[in-house]
Structures are given as C-alpha cells and as structure tokens.
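Listed here are the chains, written in short residue letters.
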Amino acid sequence: MKQSMTSIGLMSGTSVDGLDVCQATFTLEDGKWSFQIVCARGYEYPDELKRKLGKDVQHMSAYEFVAFHSEYGRYLGQRVNEFMKEFGVKPDIIASHGSTVFHEPGKKIMCQIGDGAAIAAETGIPTVSDFRRLDIMLGGQGAPLVPVGDNLLFGQYDYCLNIGGFSNISWREGDKRIAFDISPVNYVINRFTRQIGLEMDRDGEIAAKGAVNQLLLDKLNSQDYYSKPWPKSLGREWVEANIFPLLDASGLSLEDLLRTYYEHCAFQLKRVTTPGKSLLVTGGGAYNKFLIERMKQLSSCNIVVPEPAIIEFKEALIFAFLGVLYMWDIPSCLRSVTGASHDNIGGMLFKV
C-alpha cells in the first residue's frame, strides 16, 4: 500500500535570525519512507520582530505575551501565504515549530509561541503546532524532536548532527534512537558577534584568528550538563546561567573567546562520537568552515555536508514530516530520545 501527503514545515530556531519554510511530499510504501522537497525558502526577520523574539518576549507582561503569541502566529501565516503564492503550491497540512521562549522540562515548563490557530486562520490550511508540550507532561524533555525524521528519512548515516543555536545529535542503538543536545553553538557565537555589529562569524574567520585559552576551555568543559546521561536537553536559561557568565568574566579578546568556544563545541562532539563513523551535518553551522574543520579533526568522523537544501532546510523538512505523522496517528516523540513515559504524538491541530 502506498500513501502520500504534502506538508509545509515552519522552523524558527533559538538563534532567532529568521524563518525557514519547506514544502515536501512524503510517501510511505511497504514500510519505507521517502520524501521530495518541492520548494523551500528562508525569511529573515524584521529587526523589531527579531528583538522581540530574542530579548523582549521573556520580560513581557502576561497580556503582552498573549498578544505577541497571536501577532507572531499571524506573521507566520502571512509568510506561508507569501510562500504559497511565490511557488504556486498548496499543502495538505502545515506543521509549525514556533519559537521557544521557555524550556525547563524538569519543572514541566515550556512555551513555544506562534499561535497555530492564527496560522490556520491566515492560510485556510489545517495547522499542527505545539509539538513538545505533551511529551514534557509525560515526563520527557520535549526535545529533540528531529530524531524521528533522522531515523526514518536519513537512516543511512551513523550519526545525524544539526548545528544551529544548539548542536544536537542522534543515532541508532539497537532498536532505539538515541538523541540529545550536545552544546550551545550559534546561540552563543552570535551573541558576541552582534556586539560588533555582525550577525554571525562567517566561515569562522574571527575565531580562526584567535588562540585557545586553556583555563576557560577547562571551565566550559567541566559543566555538569556534559557528564549527565541522556535523555537531556538544553535551553536558553541554562546558557544564560552557566555559559555567558564564564565568557563575560574571561577578559579575552573576541578572537580568543570565540576560538576557545569553537574548541569547546568540537571537543563536546568528540566526546559523544566514535571515530570513523559517518556523520551528516546540517543547520547553519554546517557552513562555518573553521568550526567544521575543528570538529572533523577532533572527532575523526567521516563528516558529510549535504546539498544546500538539506543543510538549510532539514529541520523545516522534518517538521513538515511531523505534521504528516500527526495526521496518520504515528508517534513522533520517542521515549528513547526524550525520556517520556512512552512514545507519544505531540501537537495540537487547528482545522478550518
């Protein structure tokens, strides 16, 4: 039996630099999944929205927060309308990641804004959103969610690594998928480059000019999180409490600070991988040549950097896939990944 569905996935990461939109068709035949990316595009956020998502939203009043939740949902719906008009497409379903504001699974607290009802109302297309909440209420981390897509769509690689605001990895171990956040990456790097008016350290050029400070490196690598067993995940709150204070107090030049932080990210990848295995790298960090070079040298993995569409839109692609899994009643949150009491189907559906 052959089943197919077309879905649009919306992805906004913790680096809050913009929105990725991807439409793909997913087919299930004889127990095997395949996909075809129909079209994909990134939208840079306006400065005001970027400021609200990156800083202001965490300090809004309850009323302002709810209003912004709706406002951002309408914005997402408008971008989907623009996308559909540009490419002449219309999906069966929209699946939206939203923008993570609070993520403290231990306290059963999480919030991803971008009202799915507003997206459905703007587009006239059924929309699934809020994928993490149920998993957290079942005792899980609510993250990462991409591993089910790694398993079913990219299973030919030993490891799947995504480098965005945070780096996360997944691999198959026996009949289970293992996955967790490795370390903060662009969420940290971009915070410091923005202090000199740059959105990113393009190709790692700033870090490449610096030198590793062993004292700071040792402090970074000794954080308790890194020695904890999985399932585990990272959020903005942990970075602000544990990483930023160390970097701010270091007194290092920007070059040395970033060089040391790159070494930290590469070392943490080395800790969780086996030399010689194939490792698919996606996300914006895949374009950071110096960071990839350090990861390759330290981990000794066979790093595969795929075509640009997969690098840039893999997470949006997999969120589109999560929408299909939701509609077909197939679990997308895996207990082996999140630590929840059982596999579950996360998300809320808004039909119009």
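Structure shown above.
Structure report, in brief. Since this is a predicted model, take the numbers as computed values, not measurements.

1. With respect to the overall build of the chain
The helix and strand inventory of the chain stands at 14 helices and 13 strands. On C-alpha atoms alone, the chain measures out to a radius of gyration of 19 Å, which is about the 20 Å that the 2.2 N^0.38 rule sets for 352 residues. The principal-axis extents of the C-alpha atoms in the chain amount to approximately 55 × 45 × 40 Å. Evaluated residue by residue, the chain yields a buried proportion of 55% over its 352 residues. Taking all contacts inside the chain whose residues are at least 6 apart in sequence as the whole, residues at least 24 apart take part in 69%.

2. Looking at the pairing of strand β6 (residues 109–113)
By the criterion of burial, β6 is predominantly enclosed, with four of the five residues buried. Of the strand pairs in this sheet, strand β5 (residues 99–104) and β6 are connected by five bridges, and their pairing is antiparallel. Bridged to H103 within β6 is M110. Connecting β5 to the antiparallel partner β6 that follows it, the hairpin turn spans four residues, and K108 within it adopts a positive phi of roughly 55°.

3. Some points on the sheet that holds strand β12 (residues 302–304)
The strands that make up a sheet pair up through hydrogen bonds in the backbone, lying either parallel or antiparallel. Spatially, the five strands line up as an open sheet ordered β10-β9-β8-β11-β12, and their pairing is mixed. Looking along the sheet, the strands with just one partner apiece sit at the ends: β10 (176–184) and β12. Averaged over neighbouring strand pairs, the angle between their axes works out to 20° when direction is ignored. Direction of pairing for strand β11 (residues 278–282) relative to β12: parallel, over a ladder of three bridges. Bridging across to β12, L280 finds its partner in V304. Where helix α13 (residues 308–327) meets the sheet, its contacts fall on β8 (159–163), β9 (166–173) and β11, and the angle it forms with β11 comes to roughly 80°.

4. Section: the nonpolar core
With 44 residues, the main nonpolar core has L161, I169, L247 and M295 as its most contacted residues. In terms of residues, this core owes the most to one element, helix α11 (residues 254–272), which gives eight residues. Discounting residues that sit within four places of it in the chain, I169 has contacts with Y159, C160, L161, I178, A179, F180, I182, L269, V272 and T273. In terms of nonpolar packing, the next biggest core, distinct from the first, is built from 34 residues, M5, F131, V146 and L317 among them.

5. What about helix α1 (residues 47–54)?
Turning to α1, its buried residues number three or more, namely L49, K50, K52 and L53. All buried residues of α1 fall inside an arc of 165° around its axis, so they share one side. Buried-residue contacts for α1 involve β3 (32–44), α2 (62–87), β5 and β6.

6. Brief notes about α2
If you check α2, its first and last C-alpha atoms are 38 Å apart, about what 26 residues at 1.5 Å a residue would give, namely 38 Å. If you check which residues of α2 are buried, you get F65, F68, Y72, G73, Y75, L76, G77, R79, V80, F83 and M84. One or two residues past the end of α2 sits G88, with phi positive at roughly 65°.

7. Regarding the packing of aromatic side chains
As enumerated under the stated definition, the model contains 22 aromatic pairs in all. Taken together, a centroid distance of 5.7 Å and an interplanar angle of 25° make the contact between W33 and W328 stacked. Of the two residues, W33 is situated in strand β3 and W328 in the loop between α13 and α14 (335–338); the sequence distance between them amounts to 295 residues. Residue classification places W33 among the buried positions, given a relative accessible area of 15%. For the ring pair Y262 and F290, a centre distance of 5.9 Å and an interplane angle of 35° mean the geometry is tilted. Note that Y262 is positioned in helix α11 and F290 in helix α12 (residues 289–299), a separation of 28 residues in sequence. The two residues Y262 and F290 agree in class, both being buried. If you follow R191 out to its NZ or CZ, it ends over the ring of F192, 4.9 Å from the centre.

So, how was this worked out
Residues numbered from 1 in each chain as written. Predicted model: local features only at pLDDT ≥ 70, side-chain atom pairs only at ≥ 80, totals over all residues. Heavy atoms only, no water. Helix = DSSP H or I, 4+ residues; strand = E, 2+ residues; numbered from the N terminus. Rg over C-alpha atoms; globule rule 2.2 N^0.38 Å. Buried < 20%, exposed > 50% of the residue type's maximum accessible area, 1.4 Å probe, protein only. Contact = heavy atoms within 4.5 Å. Pairing = 2+ DSSP bridges. Axes fitted to C-alpha atoms, helices over the stretch in contact; angles between N-to-C directions. Core = buried A, V, L, I, M, F, W, Y, C linked by side-chain atoms within 4.5 Å. Arc of directions from axis to C-beta. Expected span 1.5 Å × (residues − 1). Phe/Tyr/Trp six-rings, centres within 6.5 Å; stacked < 30°, edge-to-face > 60°. Lys NZ or Arg CZ within 6 Å of the ring centre and 35° of its normal.

All quantities given are derived from atomic positions and should not be read as evidence of function.
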